[in-house]
Amino acid sequence: MMRAAVLSGLGGWLPPRVVTNDDLPAELDTSDHWIRSRTGIACRHFAKPGSATSDLAVEAGARALASSGEPHADAVVVATTTPDRICPATAPEVATRLGLAGAAAFDLNAVCTGFMYGLACAAGMVATGVADRVLLIGAETYSSILDPLDRGTAPIFGDGAGAVVLRAGDPGEPGAIGHVDLGSDGSGAELIRADGGGSRQRLSEGPEREGEQYLRMDGREVFKHAVMRMTASGRTVLERAGRSAADVDRLVAHQANIRIVHQLADELRIGRDRVVTNIDRVGNTAAASIPLALLHGVADGAVRPGQQTLLTAFGAGLTWGSTLLTWPDLVLCD
Ligand code: COA
């Protein structure tokens, strides 16, 4: 029989510092009412200075391993836009700090779609026998690339990490990763970007280059693409799985903006009562968004074993990806 990757552990971690909308700098000229009504976000977590993405990733990874009941993995994938450094990758350090030295370890960057790309990679590694157990972590420290005075981004993003363990199993088991849809469109690369420090826009000192390290976003255009791309990708994966929107018990979409998630649900004809969301408490945590939404959904009882669960994400690149799975029975660990 063919091998499949089966979801067997879930964990996450948020840095303790909570920043409410009212805590944001007054210079942003925004308000709690505007942010809540336009995005659904009430607060986000920011890592303290000196704390890096690997620190969050280790906390989330340890909890996912504990949740899976076994402390080992033979591959560690860290999906992130905000690695500790440009070189080396963050994953080897994370693996070693988790007691997994010797495991294959690499980073993957598909921005807010990073977790979905990571899931496809991890599932492929398990299915082909490259690995028997993969720890996949989506971890971000967006506070390190946010311009605190840009009201188009500063209220939107937050820090956090979410992780899953995938083990070898059967395609028919709950939690088995089956059909996955992934896609990209580089013509939209300018819509969300952080230029500084790359090979094209080298970081240099001088006032004319000030701010080039920050994330910039055309929010209005991104909004339209997010709804369009996740709708198409969600439909594709349902079609490949021979399912319809009526079969979907839970929609767990990238937590970009509650209005995006609701419009997506409407387009897919999935009732808003089937939408799982935690954006009010975490904001947009990019590659950590889907595993954190799953974690909070399971903890709150919104995501339950046996439910047909549609995961879909969209991010800079542009990138997008979706999968459908039967939710497995998982034990969460603090
Ligand atoms: N507080 C108060 N007013 C704000 C504001 C803020 N934080 N941000 C923008 N505004 C103002 C604008 O200046 C504009 O004012 P004007 O009409 O006088 O010019 C007005 O609100 C509308 O601006 P717009 O950019 O069209 O707002 P929006 O409704 O599109 O909301 C975002 C802005 C960023 C919240 C929204 O576009 C969004 O969520 N986009 C997607 C972001 C995303 O998901 N990114 C990640 C994808 S992976």
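Residues numbered from 1 in each chain as written. Predicted model: local features only at pLDDT ≥ 70, side-chain atom pairs only at ≥ 80, totals over all residues. Heavy atoms only, no water.

In the annotation of an unreviewed UniProt entry, the entry for the protein chain reads Beta-ketoacyl-[acyl-carrier-protein] synthase III, and the organism field reads Streptomyces boncukensis. Checking UniProt for the protein chain, the heading Pathway (unreviewed entry) contains the comment "Lipid metabolism; fatty acid biosynthesis." The annotation that UniProt attaches to the protein chain under Catalytic activity (unreviewed entry) is "malonyl-[ACP] + acetyl-CoA + H(+) = 3-oxobutanoyl-[ACP] + CO2 + CoA". (UniProt positions renumbered as here; feature names shortened; annotations may be inferred.)

Visitor: Just checking my understanding: could you explain the overall build of the protein chain for this structure?
Guide: Each helix and strand in the protein chain was counted, giving eight helices and 13 strands. What you see for the protein chain is a C-alpha radius of gyration of 19 Å, in line with the 20 Å of a compact globule of 334 residues. With respect to the three principal axes, the spread of C-alpha positions in the protein chain is 60 × 45 × 40 Å. Taking all 334 residues of the protein chain together, 54% fall into the buried category. In the protein chain, of all internal contacts separated by at least 6 residues, the share reaching a separation of at least 24 is 77%. Accessible surface for the protein chain amounts to roughly 14,100 Å². Of this, 50% is attributable to carbon and sulfur atoms. Counting 30 positive and 39 negative side-chain charges, the protein chain places the centres of these two groups 4 Å from one another. (Helix = DSSP H or I, 4+ residues; strand = E, 2+ residues; numbered from the N terminus. Rg over C-alpha atoms; globule rule 2.2 N^0.38 Å. Buried < 20%, exposed > 50% of the residue type's maximum accessible area, 1.4 Å probe, protein only. Contact = heavy atoms within 4.5 Å. Areas by Shrake-Rupley, 256 points an atom, 1.4 Å probe, with all protein chains shown as cover. Lys, Arg positive; Asp, Glu negative; His and termini not counted. Charge placed at Lys NZ, Arg CZ, Asp CG, Glu CD.)

Visitor: How should the packing of aromatic side chains be read in this particular structure?
Guide: The description of an aromatic ring pair rests on the distance of the ring centres and on the angle between the ring planes. This structure, assessed with the given rule, holds one aromatic pair. Note on tyrosine 142 and phenylalanine 157: the rings are 4.9 Å apart at their centroids and 15° apart in plane angle, and the pair reads as stacked. Taken as a pair, tyrosine 142 in the loop between strand S6 (133-140) and strand S7 (160-169) and phenylalanine 157 in the loop between S6 and S7 lie far apart in primary sequence, 15 residues in all. (Phe/Tyr/Trp six-rings, centres within 6.5 Å; stacked < 30°, edge-to-face > 60°.)

Visitor: Sorry, what's going on with the site of the ligand here?
Guide: In the vicinity of the ligand lie 22 residues, with Thr30, Arg38, Arg151, Arg220 and Asn257 positioned nearest. Within the side chain of tryptophan 34, one N or O atom sits 3.4 Å away from a nitrogen atom of the ligand. Between an oxygen atom of the ligand and a side-chain N or O atom of arginine 151, the distance comes to 2.9 Å. Relative to its unbound accessible surface of 940 Å², the ligand loses 74% to contact with the protein. Here the ligand is seated within the second largest pocket. It is helix H5 (residues 219-240) that provides the largest number of residues to the shell around the ligand, a total of four residues. In the shell around the ligand, the residues fall into ten nonpolar, eight polar and four charged. If you count residues domain by domain, the shell around the ligand takes at least three from each of domain 1 (4-169) and domain 2 (180-326). (Near = heavy atom within 4 Å. Polar contact = N/O pair within 3.5 Å; in protein donor to acceptor, adjacent residues only side chain to side chain. 1 Å grid on protein atoms, 1.4 Å probe; cavity = no way out; pocket = protein on both sides within 12 Å on 5 of 7 lines; lining within 4 Å. Sits in = over half its atoms within 2 Å of the grid points. Nonpolar A, V, L, I, M, F, W, Y, C, P; charged D, E, K, R; others polar. Domains from an automatic or database assignment.)

Visitor: So what exactly am I meant to see when it comes to the nonpolar core here?
Guide: For soluble globular proteins, the rule of thumb is that nonpolar side chains tend to be buried together. Counting 45 residues, the largest nonpolar core has Leu251 and Leu310 as its most contacted members. When residues of this core are traced back to their parent elements, those giving at least two are H5, strand S11 (250-253), helix H6 (258-268), strand S12 (308-315) and strand S13 (319-326). With seven residues, H5 is the largest single contributor of residues to this core. Not counting residues up to four positions away in its chain, the partners in contact with leucine 251 are Leu264, Ala265, Leu268, Ile270, Arg274, Val275, Val276, Leu310 and Thr312. (Core = buried A, V, L, I, M, F, W, Y, C linked by side-chain atoms within 4.5 Å.)

Visitor: I'm lost on empty space enclosed by the protein in this one. Help?
Guide: In this approach, a probe sized like a water molecule rolls over the atoms, and the result shows the empty space that is left. Considering all chains together, one arrives at one cavity of 30 Å³ or more under this definition. Of the pockets and cavities examined, the largest cavity occupies roughly 30 Å³. What lines the largest cavity is Leu7, Phe115, Leu119, Val164, Ile177, Leu294, Leu311 and Leu325. Its residues placed into classes, the lining of the largest cavity shows eight nonpolar, no polar and no charged. Summarising the domain contributions, the lining of the largest cavity has at least three residues from each of domain 1 (4-169) and domain 2 (180-326). (Points joined across faces, edges and corners; volume = space filled by probe spheres on them.)

Visitor: In this structure, what is going on with the layout of surface pockets? I would like to understand it.
Guide: Of the volumes computed, that of the largest pocket is approximately 850 Å³. Tallied by class, residues from the lining of the largest pocket come to 13 nonpolar, twelve polar and five charged. Counted as a void, the second largest pocket has a volume near 590 Å³. Elements with a contribution of two residues or more to the lining of the second largest pocket: helix H1 (32-39), H5, H6 and S12. Ranked by residue count, the leading element in the lining of the second largest pocket is H5, at five residues. Split into classes, the residues belonging to the lining of the second largest pocket amount to twelve nonpolar, eight polar and five charged. Counting contributing residues, the lining of the second largest pocket receives three or more from each of domain 1 (4-169) and domain 2 (180-326).

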